[in-house]
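The residues making up each chain are set out below.
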Amino acid sequence: MRALSLIVLICAFAIPVAGCGGDDDDGSSGSGGSSTGASNTTTRENTGGGASSGGAAQTLKIAADPSGALKFDKSSLSAKAGKVTIVMDNPSDLPHAVEIEGSGVEAVGETVGKGGVSKASADVKPGTYEFYCPVDGHKQAGMEGTLTVK
């Protein structure tokens, strides 16, 4: 009877945790379910005319809080117009991802578990964008920041 109680307790915890980190991506799901490998990035952009202002691609690094708090280690980033990739390391036990949104741009990185890396890339023009964790409830709890592009 004690073993049955233990199994029920484990299931009660595991099922809600397994539901965290779902995405709204309509793309294919042939990634094999790995949460620690390279990430897939879904980009949705309104390219409404005009080209980005050239320049070298930029990589901006952030990390999820290792203690499990719903925040990144940085709340503001800056970049020049052009191709920008935000790379998020996840040292936390909670699943996290990174998303860039604003000015018709929406780039979503893969949700990853502890030790994983999520990447979101977009061609950005001068302006203000937000980056955040798209896992249910994480942005609302404060896991967000501002990307300023000049």
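Structure shown above.
The sections below set out a description of the structure shown in this document. (Residues numbered from 1 in each chain as written. Predicted model: local features only at pLDDT ≥ 70, side-chain atom pairs only at ≥ 80, totals over all residues. Heavy atoms only, no water.)

## Observations regarding the environment of A97
Just so we agree on the cut-off: By the criteria applied, helices consist of DSSP H or I runs no shorter than four residues and strands consist of E runs no shorter than two, each listed in order from the N terminus. Only protein chains enter the accessibility calculation, which uses a 1.4 Å probe; a residue is then buried when its area is under 20% of its type maximum, exposed when over 50%, and partly exposed in between. Working rule for contacts: check all heavy atoms of both residues, and any pair within 4.5 Å makes them a contact.
Structurally, the position occupied by A97 is in the loop between strand 4 (82-89) and strand 5 (99-102). Overall, A97 belongs to the buried group, its relative accessible area being 0%. In this structure, the C-alpha to C-alpha distance between A97 and K119, residues 22 residues apart in sequence, is 7.8 Å. Discounting residues that sit within four places of it in the chain, A97 has contacts with F72, M88, G109, E110, T111, S118, Y132, C133, P134 and V135.

## Notes on the pairing of strand 6 (residues 105-108)
Keep this limit in mind: Two strands qualify as a pair provided that DSSP identifies no fewer than 2 bridges between them.
Pairing between strand 5 and strand 6: four bridges, direction antiparallel. Bridging across to strand 6, G102 finds its partner in V105. Between strand 5 and strand 6, which follow one another and run antiparallel, lie two residues, and S103 among them has a positive phi close to 50°.

## Considerations on the packing of aromatic side chains
Applied cut-off: Any two rings among Phe, Tyr and Trp, with Trp reduced to its six-membered ring, count as a pair given centres within 6.5 Å; such a pair is stacked if its planes are under 30 degrees apart, edge-to-face if over 60, and tilted if neither. Note on criteria: charge over ring means Lys NZ or Arg CZ within 6 Å of the ring centre, with the direction from the centre no more than 35 degrees off the ring normal.
Scanning the model with the defined rule gives one aromatic pair in all. For the pair F72 and F131, a centre-to-centre distance of 5.6 Å together with 45° between the ring planes defines the contact as tilted. Of this pair, F72 sits in the loop between strand 2 (58-63) and strand 3 (76-79) while F131 sits in strand 8 (residues 127-132), and the two are 59 residues apart along the sequence. The residues F72 and F131 share a single accessibility class, namely buried. Cation over ring: K139 sits above Y132, and NZ or CZ is 4.2 Å from the ring centre.

## Describing the pattern of salt bridges
Side-chain pairing between opposite charges can occur once the charged atoms of the two side chains come close. We count it as follows: Put simply, a salt bridge is a Lys or Arg side-chain nitrogen that is within 4 Å of an Asp or Glu carboxyl oxygen.
Enumeration according to the criterion identifies two salt bridges in this entry. For K114, the salt bridge identified is with D93, shortest N-O distance 3.3 Å. Pair noted here: K114 is in the loop between strand 6 and strand 7 (117-124) and D93 is in the loop between strand 4 and strand 5, with a separation of 21 residues, a long-range link. On the basis of relative accessibility, which here comes to 64%, the residue D93 falls in the exposed class. Among the ionic pairs, E130 bridges to K139, the shortest N-O distance being 3.2 Å. A residue is classified by how much of its surface remains accessible, and K139, at 23% relative accessible area, is partly exposed.

## Some details on the sheet that holds strand 2
As a reminder of what qualifies: The axes used here are C-alpha line fits, helices contributing only the stretch in contact, and every angle between their N-to-C directions lies in the interval 0 to 180 degrees.
Pairing within the open sheet is mixed, and its three strands lie in the order 2-4-7. Only two strands of the sheet have a single partner each, and these edge strands are strand 2 and strand 7. In this sheet, adjacent strand axes meet at a mean angle of 20° when their direction is disregarded. Alignment of strand 2 against strand 4, held across six bridges, turns out to be parallel. Within strand 4, the position partnered with K61 by the bridge is V87.

## Observations concerning the environment of F131
A relative accessible area of 0% means that F131 is categorised as buried. With 54 residues separating them along the chain, F131 and L77 place their C-alpha atoms 9.0 Å apart.

## Re the nonpolar core
Just so we agree on the cut-off: To qualify as a nonpolar core, a set must consist of buried Ala, Val, Leu, Ile, Met, Phe, Trp, Tyr and Cys residues joined through side-chain atoms within 4.5 Å.
Core analysis: the largest hydrophobic core is formed by 25 residues, its most contacted members being I62, I86, F131 and L147. Every element with two or more residues in this core is listed here: strand 2, strand 3, strand 4, strand 6, strand 7, strand 8 and strand 9 (144-149). Residues within four places of L147 in sequence aside, it is in contact with L60, L77, S78, A79, V84, I100, G127, T128, Y129 and F131.

Nothing here speaks to function; it is all geometry.
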